[in-house]
Each structure stands twice: as C-alpha cells, then as structure tokens.
Amino acid sequence: MPILQFREALRQAMCEEMDRDSDVFLMGEEVAQYDGAYKVSQGMLARYGPMRVVDTPISECGFAGLGIGAAMAGMRPIVEFMTFSFSLVAFDQVANNAPKMLYMSGGQFKVPIVFRGISGPGQQLAATHSWSVDALYTHIPGLKVAVPTTPAEAKGLLKTAIRDDDPVIFLENESMYANKGEVPDGEFLLPFGQADIKRPGTDCTLVAWGQGCLTALAAAELLEREHGIHAEVVDPRTLRPLDLPTIVKSVKKTGYCVTVETGYPTCGVGAELAALIHEHCFDDLDNHVVRVASLDVPMPYSKPLLQQVVPNVRRVVDAVKKATYFWSRRDKIVRRC
C-alpha cells in the first residue's frame, strides 16, 4: 500500500468521490485558488474547475447555509471550515438546520452534507482558533461525528461520510496533516460506529480519538517499557454513532479505564464515556474512570503554556498509574482475584 500524508489521504478520498459522483463538490474559504489553507485541496481546482471546487467569501453562516440548501436539492457538498472554531459563526446552520431538516420535513428532505476541517489545539493558534468541538457536536441528535486518527482512517471515514445521507461533522487536526501511513488504493470505506483496538493490552483501557489517541499510544508505549503496564488503546473513530460494546468489552477485561481528549473536561466526551462505562461496567471496575482533558482555561498562544494545557504523555501516564493504584502497589500491577 502507498504511504500518504494525512492531508493527501483526505484529498484522495474527495477526488475519488468526486470522480464517482458528479453531485459531490467542495466549497470553503481558500479551497480553490490558494489550494487550501493547509493544502488539503491542492490541485483540485485544476482537476475539477471552479463549479465543483468553490472559493467562498469569509461568511461561514452564508456558505454553510448554501451547502445545506444544495444538499436538500440533491447535491452532496463538502463544506470546509478553515477551523471549526469558525463553525461557531454558523452554529444555527450546522446545529439547528442541517440535523433537524429530515425530522421536521417528515422524511421529505435529506441533508447529505459533510462539514470538515480543523478542530482542537494546533500549532499555537491561540484561544479563539483552538476549539475542540467534539463534545459540542456529539451532543446534537441528527449529526454524525467522525474523528480519524490515521491517514487510512482519514480516507476510509471521509468516503463513508460523503456517501452518508445524514449531515456529518468530520474533525481533523492541523498537527496531524503531515503524519504518514499506509493508505489502501481505490475503493476503501470504513463503517461508522466501529471502534478500533489500536493497541491490545490487559492492565488498563485507554479510550482516545484523533490527536488524543496519538498521545495515548505514546503513553501506552512508555507505560509498558518503563513500568510493565500493558494498556489497551481503544479508538472509537466515530463519536456519534459510538461503538459502546467494544469499549465495554475492553473495560470488562482490564478493570480500569482512562479517557483522553483535547477538549475541555466539563461536559466533555470523556464525561459521557465515564458515565456510560460506570453504567455498563460497574461490577467490573476496580476504580472509577479517570479523565484526561485539556485544562479548563482558554487555550494559550505561548508554546510552553500550550504544552501544559493540552493532554501530554506524562499526564496520561500519571492518570493510568492513578487508575490502577500503581503507586500503592509498589510498582507492580496486581491482577484481580
């Protein structure tokens, strides 16, 4: 399989779907003439022309609404937000119109639209450009929320999102665009609602997605190398629909759980996961679920401060030690009777 960057996998998915279906088109700020703010759509204007790769004004509310109307009329728009922080300007369109139209029209109008772009803290984007909107949009009935971690998932999940008849929130991260990995050629789709065991383990379950999953994987490697703790990393890949059975199965096996997210802890996805895990695994847990999230403060611009605010490997390692009573067990994991 070819090795592609994360951004190249996204582009390949969009191009394959635009080749397959003439109703698919891309729109957003700087997606055409500038080849995309982060070069995700590089070369697509020359390939498909200005009617299918459409530069928009700086008016998220306007072009999000235009995309919803196009979807209701039978098109399959991909709307790129330069950052999902800007989607808050179009919140009424994204949260109040797109996900409710099918229900309110009695099934007469589908809204097959993908809203995609950067979510979460990137490379010093400061407070107003660093929103992790995972919890915000996962809260809303009618939306589906996908968060790929690898280039292969970027392609497979995006192709599935484009073909879905419901509105999909597709969350990426600036710091992941240059990441490389194997990506299958041709027809490759990943189903929504199917989690992936990124790393098998027996001592503690780490539930993480996107940028947080990469941190969790690095922490799991460190835990095994330095402390002999074998953490299992479960990546939901889609937060709505959520593959709860896979998460529950893992937690019942390990008896401990830590969630890792770049969003804020208050009313976050980790909080919802903790509630669900306690509900379904109460008799199998040997400790409460421990959550790792960004600190509950506006995201700083300063790089040293940013590194302290977002989840890092050391914080995840400490959370696993706390969850598994590591410090009180004299550096040895004791299995349950």
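Look up: the structure comes first, before these words.
Figured I'd write up the structure that's included with this text. (Residues numbered from 1 in each chain as written. Predicted model: local features only at pLDDT ≥ 70, side-chain atom pairs only at ≥ 80, totals over all residues. Heavy atoms only, no water.)

Now for the environment of M18. Among the structural elements, M18 can be located in helix α1 (residues 6–20). For the pair formed by M18 and R52, sequence separation is 34 residues and the distance between their alpha carbons is 8.6 Å. Among all residues touching M18, those that are not within four sequence positions of it are V24, F25, L26, M44, Y48, R52 and V53. (Helix = DSSP H or I, 4+ residues; strand = E, 2+ residues; numbered from the N terminus. Contact = heavy atoms within 4.5 Å.)

Let us now look at helix α3 (residues 60–72). A rise of 1.5 Å per residue sets the reference length of α3, with its 13 residues, at 18 Å; its end C-alpha atoms lie 18 Å apart and thus fit the reference within 8%. Considered for burial, the residues of α3 that qualify are E60, F63, A64, G67, I68, A70 and A71. Each buried residue of α3 sits inside an arc of 160° when the element is viewed along its axis, so together they form one side. Buried residues along α3 sit in contact with β2 (24–28), β4 (76–81), α4 (91–97) and β5 (114–118). One or two residues past the end of α3 sits G74, with phi positive at roughly 110°. (Expected span 1.5 Å × (residues − 1). Buried < 20%, exposed > 50% of the residue type's maximum accessible area, 1.4 Å probe, protein only. Arc of directions from axis to C-beta.)

Our next topic: the packing of aromatic side chains. With the rule as written, the count across this model stands at nine aromatic pairs. Each member of the aromatic cluster is reached from another via a ring pair, and the members are F63, F81, F84, F91, F115 and Y137. (Phe/Tyr/Trp six-rings, centres within 6.5 Å; stacked < 30°, edge-to-face > 60°.)

The biggest cluster of nonpolar side chains holds 43 residues, and the ones touching the most others in it are F81, F84, F115, Y137, I169 and I277. The set of elements that each furnish at least two residues to this core consists of β2, α3, β4, α4, β7 (168–172), α9 (244–254) and α10 (269–281). Sort the elements by how many residues they give to this core and α10 lands first, with six residues. The residues touching F81, leaving out its near neighbours within four places in the chain, are E60, F63, A64, S87, A90, V94, F115, R116, G117 and I118. (Core = buried A, V, L, I, M, F, W, Y, C linked by side-chain atoms within 4.5 Å.)

The next point concerns the side chain of T138. Looking at the element boundaries, T138 is found in helix α6 (residues 134–138). If sequence neighbours within four positions are ignored, T138 has contacts with V145, L239 and R240.

With that out of the way, let us pick up unusual backbone geometry. Looking along the chain, the bond that leaves R240 and enters P241 is cis, with omega of 5°. As for its placement among the helices and strands, P241 is situated in the loop between β12 (238–240) and α9. Phi at K39 is positive, roughly 65°, even though this residue is not glycine. One non-glycine residue with positive phi stands out, namely R237, at about 65°. Position of R237 relative to the elements: it lies in the loop between β11 (231–235) and β12. Judged by its relative accessible area of 8%, R237 falls in the buried class.

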